[in-house]
Amino acid sequence: MSVRIAPSILSADFAALGDAIAAAERGGADLIHIDVMDGHFVPNITIGPPVVRSIKRVAKVPLDVHLMIEEPDRYIEAFAEAGASMISVHVEVLPHLHRTVHAIKSLGVRAGVVLNPSTPVVALEEMAADVDYVLVMSVNPGFGGQTFIPRSESKVRAVRALLDRAGNAAPVEIDGGIDRDTAPRVVAAGARILVAGSAIFHTPDPERATRELKAAAQAALATPTAR
Ligand code: DX5
Ligand code: ZN
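Parameters at a glance
- Residues numbered from 1 in each chain as written.
- Chains lettered and ligands numbered in written order.
- Predicted model: local features only at pLDDT ≥ 70, side-chain atom pairs only at ≥ 80, totals over all residues.
- Heavy atoms only, no water.
- Salt bridge = Lys/Arg side-chain N within 4 Å of Asp/Glu carboxyl O.
- Helix = DSSP H or I, 4+ residues; strand = E, 2+ residues; numbered from the N terminus.
- Buried < 20%, exposed > 50% of the residue type's maximum accessible area, 1.4 Å probe, protein only.
- Donors = N, O, S within 2.8 Å, 3.2 Å for Na, K, Ca; no water.
- Tetrahedral: all angles 85-135°; square planar, octahedral: opposite > 155°, others 65-115°.
- Contact = heavy atoms within 4.5 Å.
- Near = heavy atom within 4 Å.
- Polar contact = N/O pair within 3.5 Å; in protein donor to acceptor, adjacent residues only side chain to side chain.
- Nonpolar A, V, L, I, M, F, W, Y, C, P; charged D, E, K, R; others polar.
- Core = buried A, V, L, I, M, F, W, Y, C linked by side-chain atoms within 4.5 Å.

A. Structural context of the pattern of salt bridges. Using the criterion set out here, one finds 10 salt bridges in the structure. K214 is paired through a salt bridge with D30; the nearest N and O atoms lie 3.1 Å apart. Linking K214 in helix 8 (residues 206-222) with D30 in the loop between helix 1 (17-26) and strand 2 (32-37), this pair joins segments that are 184 residues apart in sequence. Its relative accessible area of 19% is what places K214 among the buried residues. One salt bridge in this structure joins R208 and E212, with 2.8 Å as the shortest N-O distance. Taken as a pair, R208 and E212 lie in helix 8 at a separation of four residues, close to a single helical turn. By relative accessible area, E212 is classed as partly exposed at 25%. Connected through shared salt-bridge partners, R26, E207 and R211 make up one network.

B. Up close: the coordination of the zinc ion (ligand 2). Distances from the zinc ion (ligand 2) to its protein donors, H33 (NE2), D35 (OD), H66 (ND1) and D175 (OD), fall within 2.0 to 2.3 Å. Classification of the site at the zinc ion (ligand 2) rests on its six donor atoms, whose angles at the metal span 70 to 169 degrees, yielding the label octahedral. Given a relative accessible area of 0%, H33 falls into the buried group. By relative accessible area, D175 is classed as buried at 9%.

C. Layout of the environment of G28. Within the fold, G28 resides in the loop between helix 1 and strand 2. In this structure the C-alpha to C-alpha distance between G28 and I104, which are 76 residues apart in sequence, comes to 27 Å. Not counting residues within four places of it along the chain, the set of residues in contact with G28 comprises T210 and K214.

D. Fine view of the site of ligand 1. Of all residues adjacent to ligand 1, which total 20 residues, the nearest are S8, G142, D175, G197 and S198. Between ligand 1 and D35 there is a distance of 2.8 Å, counted from an oxygen atom to a side-chain nitrogen or oxygen. In the model, an oxygen atom of ligand 1 is placed 2.6 Å from a nitrogen or oxygen of the S198 side chain. Take the shell around ligand 1: its biggest share by element is three residues, from strand 2. Here the residues of the shell around ligand 1 sort into eight nonpolar, 10 polar and two charged.

E. Focus on the nonpolar core. Judged by nonpolar contacts, the single largest core of 69 residues is most densely connected at I34, I87 and L194. Within the second largest apolar cluster, six residues are counted, among which are L31, M86, I193 and V195.

F. The side chain of S11, seen in detail. In this structure, S11 sits in the loop between strand 1 (4-7) and helix 1. Take S11: its relative accessible area is 10%, and that puts it in the buried class. One polar contact links the side chain of S11 to the main-chain amide nitrogen of S198, over a distance of 3.2 Å. Setting aside residues no more than four positions away along its own chain, S11 makes contact with G144, G197, S198, F201 and H202.

Next up, the structure:
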C-alpha cells in the first residue's frame, strides 16, 4: 500500500481556496483534508457544509472531512450531501460511536474514528473491525502549526496492531505537525494517510511542498524498517 498525502486547507488562504487546492493537486495530493471546528469541542471555528460543497466543485481528489464538533450526528448527512468521501468523528464526543460509524457508512461515505493525544487506543477496541480508517491526532486539535507530539509514533503502531488483530486492513491516518522530518517516522510506524497543513500551505510553493512531502513519505515506505 502506498502513502497518501492529505493537505489540510486550514493553513491555506481562505479567500483563495480553489488556487490552494489546485496547487496541492498538482503536487500529488491524494485527498483534501477539511477541518470542521465548532468553537465548543475545540476553541477554533472554521467552516461548514456550504464551503465543503463549493470545494467539491473544484477539487479533483476526494474530500476527507475531519469533524471537530460536538454532536456530530446532527451534521453527518449535511457533510455527506456536500460531497465528503470520508468523514471522521472524535471518539471523545460520542457515547454511541457504533451507531455513528454505521450511520456514516450507510450514506456511502468512508467512516473514520479520531483519537485525541490523551485518548487511549483501547477506546477503539470494540470498533476496530468496523472502522474504515483511524485518525491519530499528533497535536491537540484546534489549530494548525503546532509541534508534533513524539508519543504519537508509538500510538500509530498500537492502532495498527489493534486493527491487524481485528483483521481490518483500514489505514491509519495522522494529523498534526507532519512535515518532511516527522513524515518518515510516522510512515515507519504504520501511518498511510498523512495530513499536513502548515508544511504545505505556509510555504512559498505549496505544489512543491506537497511533492516533497510525498517523496519523503514514500521513501520511508521503501526502507526495511517500514511496515
Ligand atoms: C488541527 C487540524 C489539522 C491541522 C494540521 O486541529 O486537525 O488538520 O490543519 O495542521 P499542521 O499540519 O500545521 O499541524
Ligand atoms: Zn484535521
